[in-house]
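Residue-level structure breakdown
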Amino acid sequence: MALIPAMVLAEESRQEVHPARFTGPLITSNPAAYTPGHFYLQPYLINTRQRGYYDSQGNRFGMGEHGSDLQLSLLAGYGINERLTGQLSLSAGRARIGQQRADGLRFGDSTLKLNYVLRPRAASTGDLVISTQVSQTLATGSYDELGGNALNGRGNGARRTALSLVGQQWLPMSNGHTLRWRWQVGWSPSLGRVDVEGTSVFGTGDAFRGAMRHGSNTSAAVGFEYSLSPDWALALDFTASRDGRAVLQGCHAPVQGRCVQGQRRADPRSRSFSAAPAIEYIHSDRVGFLLGAELSLPGGRNSASFVSPQFSAMLTF
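Throughout what follows, the structure given in this document is the object of discussion. All values derive from a computational prediction rather than experimental measurement. (Residues numbered from 1 in each chain as written. Predicted model: local features only at pLDDT ≥ 70, side-chain atom pairs only at ≥ 80, totals over all residues. Heavy atoms only, no water.)

1. Observations concerning the side chain of Asp-144
Our working rule: Secondary structure elements are taken from DSSP: a helix is a run of H or I of four residues or more, a strand is a run of E of two residues or more, and numbering for both begins at the N terminus. Each residue's exposure class comes from its accessible area (1.4 Å probe, protein chains only) as a fraction of the maximum for that residue type: buried when under 20%, exposed when over 50%, partly exposed otherwise. Counted as positive: Lys and Arg. Counted as negative: Asp and Glu. His and the chain ends are not counted at all. Any Lys or Arg side-chain nitrogen located within 4 Å of an Asp or Glu carboxyl oxygen qualifies as a salt bridge. Counting of polar contacts relies on pairs of N or O atoms within 3.5 Å, with two restrictions inside protein: one atom must be capable of donating a hydrogen and the other of accepting it, and residues adjacent in sequence are counted only when both atoms are side-chain atoms. Contact between two residues is taken to exist if any of their heavy atoms lie within 4.5 Å; hydrogens are not considered.
In this fold, Asp-144 is placed in the loop between strand S7 (129-138) and strand S8 (161-172). Although Asp-144 is buried, it forms no salt bridge, and the closest oppositely charged side chain is Arg-209 at an N-O distance of 8.1 Å. There is a polar contact of 3.0 Å between the side chain of Asp-144 and the backbone nitrogen of Glu-197. Ignoring anything within four residues of it in the chain, the contact list for Asp-144 reads Asp-195, Val-196, Glu-197, Thr-199 and Ser-200.

2. Some thoughts on the sheet that holds strand S11 (residues 208-213)
What counts is decided by this rule: Two strands are said to pair when DSSP picks up at least two bridges between them. Axes here mean lines fitted to C-alpha atoms, for a helix over just the part in contact, with angles spanning 0 to 180 degrees between N-to-C directions.
The antiparallel open sheet is built from four strands, whose spatial order is S10-S11-S14-S15. Each having just a single partner strand, strand S10 (193-197) and strand S15 (261-267) make up the two edges of the open sheet. Ignoring which end each strand starts from, the neighbouring axes of this sheet average 15° apart. Looking at chain direction, strand S14 (residues 246-252) and S15 are connected through seven bridges and run antiparallel. The residue bridging Ala-246 from the neighbouring strand is Asp-267, located in S15.

3. Points about the packing of aromatic side chains
Any pair of aromatic rings gets described here by the distance separating the centres and the angle formed by the planes. The condition that has to hold: Stacked, tilted and edge-to-face pairs are distinguished by plane angle, under 30 degrees for stacked and over 60 for edge-to-face with tilted covering the rest, among Phe, Tyr and Trp rings (Trp via its six-membered ring) whose centres lie within 6.5 Å.
Tallied over the entire structure, the rule returns six aromatic pairs. Judged by centre distance (4.7 Å) and plane angle (45°), the ring pair of Phe-39 and Tyr-78 falls under tilted. Separated by 39 residues along the polypeptide, Phe-39 in strand S1 (residues 39-54) and Tyr-78 in strand S2 (residues 60-79) bring together distant segments of the chain. Taking relative accessible area as the criterion, Phe-39 reaches 42% and is therefore assigned partly exposed. Pairing Trp-232 with Tyr-281 gives two aromatic rings, centres 4.8 Å apart and planes at 45°, and the pair type is tilted.

4. Here we look at the environment of Gln-50
Positionally, Gln-50 belongs in strand S1. When the C-alpha positions of Gln-50 and Gly-67 are compared, they lie 4.9 Å apart, and in sequence the two are 17 residues distant.

5. Observations regarding the environment of Ala-76
When you line up the elements, Ala-76 lands in strand S2. Contact partners of Ala-76, with chain neighbours within four places excluded, come to Tyr-40, Leu-41, Gly-86, Gln-87 and Leu-88.

6. Topic: the side chain of Gln-71
Along the chain, Gln-71 turns up in strand S2. Take Gln-71: its relative accessible area is 5%, and that puts it in the buried class. Side chain to side chain, Gln-71 and Ser-73 meet in a polar contact 2.7 Å long.

Structure representation (structure tokens):
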């Protein structure tokens, strides 16, 4: 899985009338603009453990051999101006199912994102911040020609463009604490043809030649953060995602340009749900830490059942 979470600016905290400071929850994106001219880094260490899957009727089944994936992700951001922020997300990791492992550390797909603030929040009020985001996935991770080991794949070949609308609001509580909540809705259209050769993440064999057409994607998320003190906070995300129909088509062992054994597979629409509780510790205005886990929720169709403990650090300079 690739998680691309956004953090709250530590610099922004010094401009707030509320004493609370946050790192940002695990998943829901940050709509606020970064301080112009400043860089922000947030590395993530993610250990995903897959224990089962859901069929097309939403029934959960266990796996004979459990899967795991250790991943290191890096989110780098830069404040371009008072409304515009640029972000780059990189990842690498190693997967395992039973006794089978990937052949060393493998790089995953990368993502470029621009965040533009449509409605900034006044420092002295609890106005809702609203931003629009456009992201572009770069197919930097291997997905086919995997040399007979499908665990070497960490991408899907899709150069996906996505549009999102994101909001955030600070709510001072009567007990002196602060609640901050975020929401996000996103959409990505169906993609064009992705050529596939040999062993791939789509379950094809070494002699396969064909193409994959990915469906559209619609997603939504809401995140909450509650300050226990200026240095500690609790966080919780809920997410939902729906993928459109995807079609794999090609043939095995083509001979002199002719398809000897054709293959066509249509993956039905799928949906997934998850929750991500976390605890935040803000050491200073420039350094913070977050420990949490993303958990799959019952009801998702054609999706994995997983638990994903995650550790994150927030650095500002």
